[in-house]
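Analysis of the macromolecular model
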Amino acid sequence: MMKEIQQKAAGNVDLGTEEWIEQYGRFVYGLAFRLTTDVQEAEDLSQETLLKAWLHCPELKNPAAVKSWLRTICVNEFRMKIRKQASTPLSFSDDLEALEREGNLFTESIPSPVEEVIVSEEVGRLRDGCFLAMAGKLPLNQRAAFSLVDMFGLSIPETAEILDVTPKAVKGLLYRARLSLESFFRDHCGILDEKNPCRCSAWIEFSSNRNALQRETRTRITVLDYRDTGYQPDEETRRQILHYYRNIPDRVPPQEWYDTVASAIGTFFKNNAEKTGLS
């Protein structure tokens, strides 16, 4: 029975547990990292996603669609986790009618790189960390839509299916998310405008810990909302920001993570076999 489940989950009769995790682990981790914007949380979320996928693999009717199936599980696990962590219950609180109206204001922006000098690897990591930290300050559903479309590269219809809303509502979520990020970075980030106060190199000089900036922004800012400042859209700033978000390097989970996931799946089936008297 276990082998049959493995075959169906993997979509390949030659793949077992460890091989299946090796094949799809990096894909799931990449999405989890963009959703959580945190290495440890990404490892936890991707492990939970793969374990749940393995346990529910008989529900996968089309093995060729395994990646879209894993994406849906990962996003649902993420949203569930955030809701559990919240001090007050969270739901899809955005007014869907209002979202769809704002979806009419959404226009696709072509990413535009900023003209800049080549930066050191350390500055690049700090810059990417800052952009990720601020994406983590978006409201739950805006964060999910922005991560799926603008960081993970899904289409709006694919994202609408995962979030179980209309494509126009996804456009509304993206409209709000992009404006909120744009309103923050336009007046803060020295990469976008050299007259702005925040510079990665200054932060490195200030602290030898390259995570200092991310911790500062996480502590100082609770949630991003462009409506708090009366911000007006700036297309060029948005295009520059999208360039950075769409080019944030992939993170690769350590080998220990793969081993942990395989062990968790193996332990579950072993315990289940003992309870049912199977081996």
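Structural notes, computed from the coordinates.

Remarks on the overall build of the protein chain
Helix and strand content of the protein chain: 13 helices and 0 strands. Ordered by position from N to C terminus, the α and β elements of the protein chain give α-α-α-α-α-α-α-α-α-α-α-α-α. Buried residues in the protein chain amount to 47% of all 279 residues. Taking the intrachain contacts of the protein chain between residues at least 6 apart in sequence as the baseline, contacts between residues at least 24 apart amount to 77%. With the model as given, the accessible surface of the protein chain reaches about 14,600 Å², and the carbon-plus-sulfur share is 50%.

Some thoughts on the nonpolar core
If you look at the biggest cluster of nonpolar residues, it comprises 71 residues, and the most contacted ones within it are L70, F185 and Y245. Residues in contact with L70, not counting those within four places in the same chain, are W20, Y24, F27, V28, T49, L50 and A53.

As for the packing of aromatic side chains
What characterises a pair of aromatic rings is the spacing of the ring centres plus the angle enclosed by the ring planes. Taken as a whole and assessed by the stated rule, the structure comprises 11 aromatic pairs. Relative to Y244, the ring of F131 has its centre 5.3 Å away and its plane inclined at 45°; by these criteria the two rings are tilted. One end of the pair, F131, is in helix α6 (residues 121-135); the other, Y244, is in helix α12 (residues 235-246), and 113 residues separate them in sequence. Here F131 matches Y244 in class, with each residue buried. Arranged with centres 5.3 Å apart and planes meeting at 70°, the rings of F131 and Y245 form a pair that is edge-to-face. A residue pair is termed long-range when its members are at least 10 positions apart, and F131 in helix α6 and Y245 in helix α12 qualify at 114 residues. The exposure class of F131 is buried, given its relative accessible area of 2%. Overall, Y245 belongs to the buried group, its relative accessible area being 1%. Chaining the aromatic ring pairs together yields one cluster made of F131, F146, F184, F185, Y244 and Y245.

A closer look at the pattern of salt bridges
This structure, assessed with the given rule, holds 11 salt bridges. One salt bridge connects E102 with R176, and the closest N-O pair in it is separated by 2.9 Å. Pair noted here: E102 is in helix α5 (residues 96-103) and R176 is in helix α9 (residues 167-188), with a separation of 74 residues, a long-range link. Judged by its relative accessible area of 15%, E102 falls in the buried class. Take R176: its relative accessible area is 6%, and that puts it in the buried class. Its salt-bridge partner being R246, residue E108 comes within 3.6 Å of it at the nearest N-O pair. Of this pair, E108 sits in the loop between α5 and α6 while R246 sits in helix α12, and the two are 138 residues apart along the sequence. A residue is classified by how much of its surface remains accessible, and R246, at 35% relative accessible area, is partly exposed. Counted as one network, the salt bridges with shared partners bring together E108, D150, R178 and R246.

About the criteria used
- Once a new chain begins, its residue numbering starts again from 1 and follows that chain's sequence as written.
- Where totals are concerned, whole chains, interfaces and linings use all residues; where local detail is concerned, this predicted model gives features only for residues with pLDDT of at least 70, and gives and counts side-chain atom pairs only at 80 or more.
- Side-chain calculation: all heavy atoms of the structure are included, whereas hydrogens and water are not.
- Only DSSP runs of H or I covering at least 4 residues are called helices, and only runs of E covering at least 2 are called strands; the numbering of each starts at the N terminus.
- Exposure is judged per residue with a 1.4 Å probe applied to protein chains only, and the accessible area is read against the type maximum: over 50% gives exposed, under 20% gives buried, and values in between give partly exposed.
- Between two residues, a contact is recorded if the distance between any of their heavy atoms is within 4.5 Å.
- Using a 1.4 Å probe, the Shrake-Rupley method yields the accessible areas, and only the shown protein chains count as cover for residues.
- Here, nonpolar core refers to any group of buried Ala, Val, Leu, Ile, Met, Phe, Trp, Tyr and Cys residues whose side-chain atoms link them within 4.5 Å.
- When the centres of two rings from Phe, Tyr and Trp lie within 6.5 Å, Trp using its six-membered ring, the rings pair. Their planes under 30 degrees apart give stacked, over 60 give edge-to-face, and anything left gives tilted.
- Salt-bridge detection follows one rule: a side-chain nitrogen of Lys or Arg within 4 Å of a carboxyl oxygen of Asp or Glu.

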